[in-house]
Structure formats: C-alpha cells, structure tokens
Amino acid sequence: MPELTLAITCGGTGGHFYPGLSVARVLQKRGGRALLLLSGTNAARQKSIAASFGVPAVALPRMPSPRGIGTLFEFGCGALGGYHAARRELRTLRPQALLGMGSFTSLPAILAARRSGIPVFLHDGNARVGKANRFFSRHAKLLATAFPTCNAEKCRGELLVTGMPLRPELEQAAGITRAEAIAGLNREFGVELDTAIPTLLIFGGSQGASIFNETVPKALRKLQEKTEFQVLHLAGPKKLAEVRDAYGDVVFPSLLLESSEKMELFLGAADLVFSRSGGSTVAELARFGKASVLIPYPYAAENHQYDNARVLAGHGAAELLPNAECTPERIERLLAGLLAEPERLKQRGALAAELARPAAAERLLAEIATRLSPQP
Ligand SMILES: CC(=O)N[C@H]1[C@@H](OP(=O)(O)OP(=O)(O)OC[C@H]2O[C@@H](n3ccc(=O)[nH]c3=O)[C@H](O)[C@@H]2O)O[C@H](CO)[C@@H](O)[C@@H]1O
C-alpha cells in the first residue's frame, strides 16, 4: 500500500500537539503526507512550530474548552466555524483517515471527517483515557493508547496500546550511553560533569513547578553535606532567578537552564530523574531506561498524572511521591536512600526499560494502515 495521507487534529496543549507533530514528521519522512488541524488557543504558535519541521498545519477558528455555561456561546461558534473550515481542508487534502490526539478541540475536525466519510482514529497519551477521547471512541475505528489504560471499560470500540509517539530526535538517541551523554553536555554547555559522580536530573514539566524549584533545592543543599552527586536542573520558563536563589551560594546545580531542546543528553546522563509524570515524560523515562522519583501534578484532569506515575511505580521502576508529601526533609531522606544504592538505581532503570515501546509513531501508522487496507 502506498504511504498514507493523514489529517491529524492535535490542538489543545503541548501534550496533544507534540505527539501529533511527531507522527506527522515520521509519516512525511517515509514519503506520506500529513496536515495538522489545530483549533486550540495556541494554534498560531503551534502552526509556526510545525512549519519549522516542514509539517503543514492549518489554524482552525479558535475554540475554547467548554468550561461552564459562560463559555458555551464561544465554544459553539468556534466549533461551527472549525467544522466548516475542517470540511474545506479535508475536501482539498482527501486524506485516507483523520487521527485525533485527544482534547475537545478535536471536535470540529472529527465531526467534519465523519460527515465526509473519512475514517477516524484516536490516540490518548495518558494511562487514563481523557474525557474527549472516551466520548469520541464510539466513532473511531481504533483508540490507540500510550500505556495500558486504567479506565478501558469507559471506552467504546477497539483499544490498543501502541505507545507514545516521541520526538524523532529522542527516539533516535535512546541508545546513548551515560558517558556519551555526559561528554555531550560538557561539549554543548561548557561544563565539567564527571562520569564518576552520580547525576540527578530535575525538571518540573514544561511549565516548571515550585516543588521542583524551591523544595527540591532546599533538600539538595542539606544532602550535599552528606554525599557527593551532581545536579542537572531544567527550571522552566522565567524560573532561573528563583531557582538560583533557592540553591543559594552552594556549588549546585552543576548545570542550570530554563529548558533545553537536547533532552536526549539530559535523560541519557541521568542516574535518577526527579519530575512530574506527564505522558511524554513517563514514556521517555521508559525509553531511556531511567530510575525516577515522580511527583504527579495534582491538578491534571481526573488526576491522570497519578495513573501515569503508577505505570512505572507499579513495575518497581519509580518512586511515586504525592505532591502534598513533598517536604525538604522527606525528599532528602528519599534521595539519600536512593543515592546510597547505585546498583538499585541501575536495576530500576532496567525495569523502566522493560516498559519502553520503541518507535510508537511507526507502530501507530502501521495499525492505521492495516485497518484501512481492504481485507481479503
Ligand atoms: C499539566 C498537564 O496537564 N500536563 C499534561 C500535558 O503534559 P506536558 O506536555 O506538560 O508534559 P509531558 O510530560 O507530556 O511532556 C513534557 C515534555 O517536555 C520536554 N521537555 C521538558 C523540559 C525541557 O527543558 N525540555 C523539554 O523538551 C520533555 O522531554 C517532554 O517531552 O500533556 C500530557 C499528555 O497528555 C499529560 O500527561 C500531562 O499531564
């Protein structure tokens, strides 16, 4: 079968957009065609990010999530405008299928695809399938998921675990050794990390978070009096000064940045990762085989980050630490215990790797293609 032509609706937050963009990049690299249909509030910015990777995208009329009576009118207008715009785009592109990556912002494109007789496929990036995907699952040929789901009984139709489509740069670099990654960081950022010293990576998700930027530094200041380690800290946008203050005048962290596009080097260098448990983060920890301490973001929809963290923690690969229990003392005790047993960290990393689902974008595309080919 020739390569697919797909429309992909992946508006909403980065958690929906980036995995959709990864699928589109993989498809285009194989000679297929993709068009992103974006109807969230960040559509214009997402369109230009997609363009920087050579992926075409269309910003549909803005459609806020339906949050109470007050937003219904705006939601309805956005949905209607988006529906007509999506119909026009689908008529021009003539895709074999529409892939929805979750979020209510996919509503106009899904309705337009159904009206045009185009089969709909869905992907969910969390261990608990979100409301929008649950709702649309009855109209889909397949609901693919990043992880085994804890609420499968609430979905209709076929469900299959394909894994989380990771950025191609991360997917390709997943085999990097710790020594190569540390050498890469030293070269790239002009630092002097030492391969002989245990390395902690700390980041609070794409938005940064005060637990990571205040509480963890306090714990590390105490811990450094007792044991040797080096710290890589990605603070989040505009959080550098706050984090520097929290570390005070100690020599830490060894490398502190707002954020980095070179996550393969940071993940590759780490012996232990301290982070939130967003879908991509959890999938990347598994792909890079890293031990972790996961602090689920407590306000994520339906507490789905807790379910994501349980995927790794339930397999012995991570420690799950509830946000409310994060005191400097608790974190210091936990880290002291983990750093004292490097062999145990390696074992946890190996357990994480057992949960990796490599080449998830390719797998998802293959499952779509199979379901579109005429059955003998
Ligand atoms: C607050 C919230 O509701 N977040 C949701 C959002 O996550 P969000 O997109 O914020 O979090 P994810 O863990 O899915 O992704 C974070 C991504 O940022 C990257 N990164 C991080 C720091 C950095 O300096 N550079 C960098 O590239 C990580 O490698 C990772 O790929 O969508 C996910 C998928 O639906 C959900 O699981 C999350 O719960």
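Throughout, a residue's number is its position along its own chain's written sequence, starting from 1. Local features in this predicted model are restricted to residues whose pLDDT is 70 or higher, and side-chain atom pairs enter the listing and the counts only when it is 80 or higher, whereas totals over whole chains, interfaces and linings include all residues. Each side-chain value is derived from all of the structure's non-hydrogen atoms; neither hydrogens nor water enter the calculation.

UniProt positions are given in the numbering used here, feature names are shortened, and annotations may be inferred rather than shown by experiment. Turning to the protein chain, the UniProt record has this under Subcellular location (unreviewed entry): "Cell membrane". UniProt's Function (unreviewed entry) comment on the protein chain is quoted here verbatim: "Cell wall formation. Catalyzes the transfer of a GlcNAc subunit on undecaprenyl-pyrophosphoryl-MurNAc-pentapeptide (lipid intermediate I) to form undecaprenyl-pyrophosphoryl-MurNAc-(pentapeptide)GlcNAc (lipid intermediate II)."

Asks: Please provide a residue-by-residue account of the side chain of Glu264, values included.
Replies: Take Glu264: it is sitting in helix 10 (residues 263–269). Accessible area is worked out with a 1.4 Å probe on protein chains only. A residue is then buried under 20% of its type maximum, exposed over 50%, and partly exposed in between. Under this rule, positive means Lys or Arg and negative means Asp or Glu; His and the chain ends count for nothing. What makes a salt bridge here is a side-chain nitrogen of Lys or Arg within 4 Å of a carboxyl oxygen of Asp or Glu, nothing more. Buried charged residue Glu264 carries no salt bridge. Nearest counter-charge: Lys262, at 4.6 Å. We call two residues contacting when some pair of their heavy atoms lies within 4.5 Å. If we skip the residues at most four places from it in the chain, Glu264 touches Leu170, Ala173, Ile176 and Phe288. Put simply, DSSP marks the helices as runs of H or I at least four residues long and the strands as runs of E at least two long, and each gets a number from the N terminus on.

Asks: Account for the environment of Leu185, naming residues and giving values.
Replies: Mapped onto the elements, Leu185 comes out in helix 7 (residues 178–189). Not counting the four nearest positions on each side in its chain, Leu185 is found in contact with Gly190, Val191, Leu193, Leu232, Leu255, Leu265, Phe266 and Ala269.

Asks: Give a detailed account of the sheet that holds strand 5 (residues 120–124), specifying residues and quantitative values.
Replies: One requirement defines pairing of two strands: DSSP has to find at least two bridges between them. Strand order in the open sheet formed by seven strands is 3-2-1-4-5-6-7, with parallel pairing between adjacent strands. Two strands bound the open sheet, and with one partner strand each, they are strand 3 (57–59) and strand 7 (159–161). Looking at each pair of strands side by side, their axes are set apart by 20 degrees on average, direction ignored. Where strand 1 (residues 5–9) lies against strand 4 (residues 97–100), four bridges are found, and the strand directions are parallel. Counterpart to Ile8 in the pairing with strand 4 is Leu99. Packing against the sheet, helix 4 (residues 107–115) makes contact with strand 1, strand 2 (33–38), strand 4 and strand 5, and its axis sits at approximately 155 degrees to strand 5. Note on geometry: axes are C-alpha line fits, over the in-contact stretch for helices, and angles between N-to-C directions span 0 to 180 degrees.

Asks: Account for the site of the ligand, naming residues and giving values.
Replies: If you check the shell around the ligand, you find 19 residues, and the closest are Asn126, Gly279, Thr281, Glu284 and His304. In protein, a polar contact means a hydrogen-donor-capable atom and an acceptor-capable atom, both N or O and within 3.5 Å, with residues adjacent in sequence counting only if both atoms are side-chain atoms; elsewhere, any N or O pair within 3.5 Å suffices. Between the ligand and His304, the relevant distance is 2.5 Å, taken from an oxygen atom to a side-chain nitrogen or oxygen of the residue. Values of accessible area rely on a 1.4 Å probe in the Shrake-Rupley scheme; residue burial ignores everything except the protein chains shown. Coverage of the ligand by the protein chains reaches 82% of its 770 Å² of free accessible surface. The leading source of residues in the shell around the ligand is helix 11 (residues 279–287), at four residues. One heavy atom within 4 Å of a molecule or strand makes the whole residue count as near it.

Asks: Got a sec to walk through helix 14 (residues 342–354)? Specific residues and values, please.
Replies: Take the number of residues in a helix, subtract one, and multiply by 1.5 Å to get its expected span. Under the 1.5 Å per step criterion, the end-to-end length of helix 14 is 19 Å for 13 residues, consistent within 8% with the ideal 18 Å. Those residues of helix 14 hidden inside the fold are in contact with strand 11 (272–275), helix 11, strand 12 (291–294), helix 12 (304–313), strand 13 (318–320) and helix 13 (328–339).

Asks: Quick one: what's the story with the pattern of salt bridges, residue by residue and with numbers?
Replies: Under the counting rule described, the total for this entry stands at 16 salt bridges. The shortest N-O distance in the salt bridge between Arg371 and Glu158 comes to 2.7 Å. Taken together, the residues span a long stretch of sequence, with Arg371 in helix 15 (residues 360–372) and Glu158 in the loop between strand 6 (142–145) and strand 7 at a distance of 213 residues. Of the residues examined, Glu158 reaches a relative accessible area of 36% and is grouped as partly exposed. A salt bridge links Glu319 to Arg348, with the nearest nitrogen and oxygen atoms 2.9 Å apart.

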